[in-house]
Amino acid sequence: MVSVNPFADFRCECETVLAQAVKHAFHEIETVAFPLGKPPRPDYGQLASPLCFELAKKLKRKPAELAVLVVQATDKSHFNLIEKVEAVGGFVNFYVNFPKFSALTLKSIKQLGKNYGFPKTDAPKKIIVEHTSVNPLHPIHIGQARNPILGDSLARLLKLRGHNVSTHYYVDDVGRQSSVIAYGYAKLGKPKPDEKADHFIGKIYTITSCIVELNRLKRQLEAATDASANEVAKLNKDIAEWTGIAAELEHKYPTLFNALLEKISADTNPEEEISKLNRAYEDGEPNAQKLIREVSELCLEGFRQTAKRVEIFYDSWDWESDFVWSNQVSDVLSKLKSSGFVFSEEGVLEFDAAKVIQDLQLRAKLGLREEQEVPPLTLVRADGTTLYTTRDVAYTLWKFSKAEKVINVIGMEQSLAQLQLKIALYALGFNKQAENLVHFAYNLVTLPGYKMSSRRGHYITFDEVLDEAIKRAYEEVSKRSPQLTEEEKQNIARFVGIGAVRYALVDVDTGKPVVFTWDRVLNFETNSAPYVQYTHARACSILRKAERAPTKLFCEELDEQLEHDLILTLASFPDVFIEAAEYLKPNIIADYSNALADKFNTFYNALPVLKAETPELCDARITLTEAIKIVLNNALNLIGVVAPEKM
RNA sequence: GGGCUCGUAGUCUAGUACGGAUUAUGACACCGGCCUGCGGAGCCGGAGGCCCUGGGUUCAAAUCCCAGCGGGCCCGCCA
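1. Some remarks on the overall build of chain A
Tallying secondary structure elements over chain A gives 26 helices and 13 strands in all. Seen along its three principal axes, the alpha-carbon backbone of chain A occupies a region of about 95 × 70 × 45 Å. Across the 647 residues that make up chain A, the buried fraction comes to 53%. The long-range fraction of contacts in chain A, counting pairs at least 24 apart against all pairs at least 6 apart in sequence, stands at 76%.

Okay, structure coming up:
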């Protein structure tokens, strides 16, 4: 007999037994829910019900007495995975029958192998996970790297849950900043990158943007003849700040900086050139199209290389400009206009989110409190151009033409914009879509005492973090296993370093900010990917040395507390997976893998596998070790971490 | 000013959706042990907590509700 979820089978049996017993003992009472929870200690069993505390009220009797009655009323002939039921202090405690339960669990893991732990959903959906979507202006930095790591883990979870998942990258190429980089790139004569393309583009962007900003401020100061002293002071302060940044950049990249400065200074009004380019691009003018697409593509090629290093791939690259050129944005706009929730003020078109909430009574649906006010959203500027969120409405509707559910992995600082987006869908009558639009929000990654700013070139790139991780892992592996060949060491350093980074970024609760420190991200000890990887390699090593596969299970031999604990942990993996997939909590997979590794290491130190007292016990422990290897591998795979045979 | 979010040992963190048991999870750092043993990236032990504060609901609150306090974020004709 094989089970896709052994612990759920046990829970199900307990529920049935409990329901029957309660019905039998107190037929005058109608009970609908039969709560079962994990007791704090193993001597209270593996599942326990506090039901009698509730019944005590209705029946006006003591919980302890009722628990005894419930236990007496249980029908033992129905026990399969249950060993016994006991009443302790008002709780009804269920004890698992370990010989049977171990056999079921280990047999299931052995038979299902890499498919163990992934029960399929009853309602498979077509789901789009949009993640990363970093603007193609500069390399992905560590503050943004949490996004692809979370998005990719979510996609893996949902796929294995049985959904049809496709991952999308939204290329934000419409907007002033894309024209800034394109302008600088064109000024330099569209040079071929002499390093990784996104790093190359990043430098040009930062320098160009700095020079243009400084130029703008200076001209503004010249024109400010009748401005107040305060305004002049503010301008001077900004100029001083940007001059400092410029000096820093000139020092770091003298050739590039001076080349750009010379070319840009030839333009009397660079600001105006950039705006022109921006308008031409939105209008689909061929030269502008070619230029901006070329520079964006260059940067994206760099992103693809970085993503590949961490085993992340995208099914679709969606260009924001395509939605502008194809009139999907203007179509959505005219629909919004006729919805009655749009008003114009001084030539600016505004979307009245608050009125939508009131008229359509969305407060409860959106989980908003009475006093929460949602500000209006600007849809169209006075000059007739659209804004990011406006275009996002069109993009979101396009995504819904391809999927039933859309998950946007976006930082929590965009919560309001994502809420307004959802409200816009309701305003257009796309209720079902609005309900299936999920903003998967996560908190920022920050550097201690340092404000990351891509405009100023102040950031640590994701590539740098990966390089450093691999370098440190290499030092570590050289120290620990000097006998390995150079090639082996490099290979191990790669998956250990990258695993460590992925684990560190997925492990923390998404609601909490991560303060980036090298020690935190490059942890190779307990509660890290390397620790779990090491444990997996250790299990593999034992299995290699065993040189045989047990033909019988001998599960009744596994009667140590540590072994029981391991079996229970293995058996509950499907439950953990379901929770992670349903509630979008990839971090609990990381926690689970660490907990399982911990338990296995404790077991390993306390009890011999290959030198067990009897051949039967030895076989049983080999089977257990094999199961642990499989489950560790399956768990690590969910968070995109390699499970190595050796390291 | 309004809203969102977080608050658990020196630092970091699990548990909070769905309230349960006289020991609240684990890591780092700290103190003391364990390598002729299946891989020491490990294991065992010790010390360290008014679960932000105050009320409320309940047989039972880290968990739910209310009111505060503290940090972060958002409230743009930026994205």
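So, next bit.
2. Concerning the sheet that holds strand S8 (residues 348-351)
Spatial ordering of the open sheet is given by S7-S8-S9, a layout of 3 strands whose pairing is antiparallel. Bordering the open sheet on either side are strand S7 (342-345) and strand S9 (377-380), each of which pairs with just one other strand. Across the sheet, the mean angle from the axis of one strand to that of its neighbour is 40°, orientation sign disregarded. Pairing between S7 and S8: 4 bridges, direction antiparallel. In the strand pairing of S8, Ser344 is matched with Leu349.

3. Side note on unusual backbone geometry
Where the residue is not glycine, phi is negative for most of them; where a peptide bond is considered, it is trans in most cases. Not every positive phi belongs to a glycine, and Thr132 is a case in point at roughly 70°. According to the relative accessible area criterion, Thr132 is buried, its value standing at 7%.

4. Overview of the environment of Glu86
If you trace the backbone, Glu86 turns up in strand S2 (residues 82-88). Considering only alpha carbons, one finds Glu86 and Gly45, 41 residues apart in sequence, at a separation of 8.6 Å. A distance of 3.2 Å separates the side chain of Glu86 from the side chain of Lys84, its partner in a polar contact. Polar contacts involving the side chain of Glu86 include one to the side chain of Tyr95, which spans 3.3 Å.

5. What to know about the packing of helix H2 (residues 51-59) against helix H3 (residues 63-73)
Their axes nearest at 8 Å, the elements H2 and H3 cross at an angle of 110°. When the interaxial angle is binned, H2 and H3 end up roughly perpendicular. Contacts between H2 and H3 involve Cys52, Phe53, Leu55, Ala56 and Leu59 on the former and, on the latter, Pro63, Leu66, Ala67 and Val70. Its residues placed into classes, the contact of H2 with H3 shows 9 nonpolar, no polar and no charged.

6. As for the protein's contact with RNA strand B
Taken together, 64 residues sit near RNA strand B, with Arg41, Asp172, Arg538, Lys545 and Tyr583 positioned nearest. Within 4 Å of the protein, atoms of RNA strand B come from sugar and phosphate in 59% of cases. Within the backbone of Asp509, a nitrogen or oxygen atom sits 3.2 Å from a phosphate oxygen of RNA strand B. Measuring from a phosphate oxygen of RNA strand B, one finds a side-chain N or O atom of Lys611 at 3.3 Å. Listing elements by their share of the surface near RNA strand B, those giving two or more residues are H2, strand S3 (91-96), helix H16 (388-400), helix H19 (462-480), helix H22 (529-546) and helix H25 (587-606). For the surface near RNA strand B, the leading source of residues is H22, giving 7 residues.

Calculation criteria
- Residues numbered from 1 in each chain as written.
- Chains lettered and ligands numbered in written order.
- Predicted model: local features only at pLDDT ≥ 70, side-chain atom pairs only at ≥ 80, totals over all residues.
- Heavy atoms only, no water.
- Helix = DSSP H or I, 4+ residues; strand = E, 2+ residues; numbered from the N terminus.
- Buried < 20%, exposed > 50% of the residue type's maximum accessible area, 1.4 Å probe, protein only.
- Contact = heavy atoms within 4.5 Å.
- Pairing = 2+ DSSP bridges.
- Axes fitted to C-alpha atoms, helices over the stretch in contact; angles between N-to-C directions.
- Polar contact = N/O pair within 3.5 Å; in protein donor to acceptor, adjacent residues only side chain to side chain.
- Parallel < 35°, antiparallel > 145°, perpendicular 65-115°, else oblique.
- Nonpolar A, V, L, I, M, F, W, Y, C, P; charged D, E, K, R; others polar.
- Near = heavy atom within 4 Å.

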